[in-house]
Each structure stands twice: as structure tokens, then as C-alpha cells.
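The lines below spell out each chain.
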Amino acid sequence: MLAANAQITSLFLDGPAGRLEALLNAGSPQASHAALVCHPHPSYGGTLHNKVVFHTMKALNRFGLPVLRFNFRGTGLSQASMTMGLAK
């Protein structure tokens, strides 16, 4: 169960290769820290909804921390591809 103040906001972050899908779990208004939780490589089932990512967010949010999760390029609703910008 998420904390009572754990409002979830769905948003998109604009970047040079397109927008990234993200979820922000609000924390305590008095929180002195925040957390960014990244998912495993998409080739291995990684998304912002990954079980480990979700449970990590839940644990950090219980301490009152705001937590941002996002999908890397080419994953979920994030735009562009994972290989964009890599040297060949």
C-alpha cells in the first residue's frame, strides 16, 4: 500500500531525441531528498513498471521521498530508439 500522500502524476519529459514517459510519485512536502529509479535494460524486460522498479519506488515512497520513474528511449510510450545516438 502506498502512503496517503502518494499522488501519482503521469508526465512526459522533453528531450533532444523525443519525449520520455515518466511517473512521479509525490512524497512528503517536507522531504529533503528525492529518488530517481531507473529500470533494467529493455531487452531483458525493463520498463518503469518492472516489478523491482515498482517495489523500490514503493519502499522509498513510504519514507516520504518523491520518486521519479521513467522509460528509456524506445520503451513504453517514450519516443526514439535505444540505439539513437550510439556510435557505429
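Residues numbered from 1 in each chain as written. Predicted model: local features only at pLDDT ≥ 70, side-chain atom pairs only at ≥ 80, totals over all residues. Heavy atoms only, no water.

(A) Quick peek at the overall build of the protein. A tally of helices and strands in the protein yields 1 helix and 4 strands. Element order for the protein, N to C, with α for helix and β for strand: β-β-β-α-β. Burial status across the protein gives 27% buried among its 88 residues. Of the contacts formed within the protein by residues at least 6 apart in sequence, a portion of 58% connects residues at least 24 apart. Accessible area for the protein stands at about 5700 Å²; split by element, carbon and sulfur atoms hold 62% of it. (Helix = DSSP H or I, 4+ residues; strand = E, 2+ residues; numbered from the N terminus. Buried < 20%, exposed > 50% of the residue type's maximum accessible area, 1.4 Å probe, protein only. Contact = heavy atoms within 4.5 Å. Areas by Shrake-Rupley, 256 points an atom, 1.4 Å probe, with all protein chains shown as cover.)

(B) How the structure looks around the side chain of R69. Relative to the helices and strands, R69 is located in strand β4 (residues 67–70). It turns out R69 is buried and unbridged, and the closest side chain with the opposite charge, E21, is 9.3 Å from it. In this structure the side chain of R69 is engaged in a polar contact, spanning 3.1 Å, whose partner is the backbone oxygen of L48. Ignoring sequence-local partners within four residues, the contact set of R69 consists of E21, A22, L23, N25, V37, L48, V53, F54 and M57. (Lys, Arg positive; Asp, Glu negative; His and termini not counted. Salt bridge = Lys/Arg side-chain N within 4 Å of Asp/Glu carboxyl O. Polar contact = N/O pair within 3.5 Å; in protein donor to acceptor, adjacent residues only side chain to side chain.)

(C) Just the nonpolar core, in detail. Residues A35, V37, V53, M57 and V67 constitute the largest nonpolar core, which totals 5 residues. Breaking this core down by element, the ones donating at least two residues are β3 (35–37) and α1 (51–62). For V67, the residues in contact, after removing those within four places along its chain, are L23, L24, N25, A35, V37, M57, L60 and N61. (Core = buried A, V, L, I, M, F, W, Y, C linked by side-chain atoms within 4.5 Å.)

(D) Region of interest: the sheet that holds β4. As summarised here, the arrangement of the 4 strands in space is β1-β2-β4-β3, forming an open sheet in which the pairing is mixed. Both edges of this open sheet fall to β1 (8–15) and β3, since each of them pairs with a single strand only. In this sheet, neighbouring strand axes are inclined to one another by 30° on average, regardless of whether the strands run parallel or antiparallel. Direction of pairing for strand β2 (residues 18–25) relative to β4: antiparallel, over a ladder of 4 bridges. (Pairing = 2+ DSSP bridges. Axes fitted to C-alpha atoms, helices over the stretch in contact; angles between N-to-C directions.)

(E) Just α1, in detail. The terminal C-alpha atoms of α1 lie 17 Å apart, and with 12 residues this matches the ideal 16 Å at 1.5 Å per residue to within 8%. Within α1, the full set of buried residues consists of V53, M57, K58 and N61. Looking down the long axis of α1, one finds its buried residues gathered within 135° of arc, a one-sided arrangement. Opposite the buried face of α1, by more than 90 degrees, sit the exposed residues K51, V52 and R62. Residues of α1 that are buried in the fold lie against β2, β3 and β4. Its side-chain oxygen 2.8 Å from the backbone nitrogen of V52, N50 forms the N-cap of α1. (Expected span 1.5 Å × (residues − 1). Arc of directions from axis to C-beta.)

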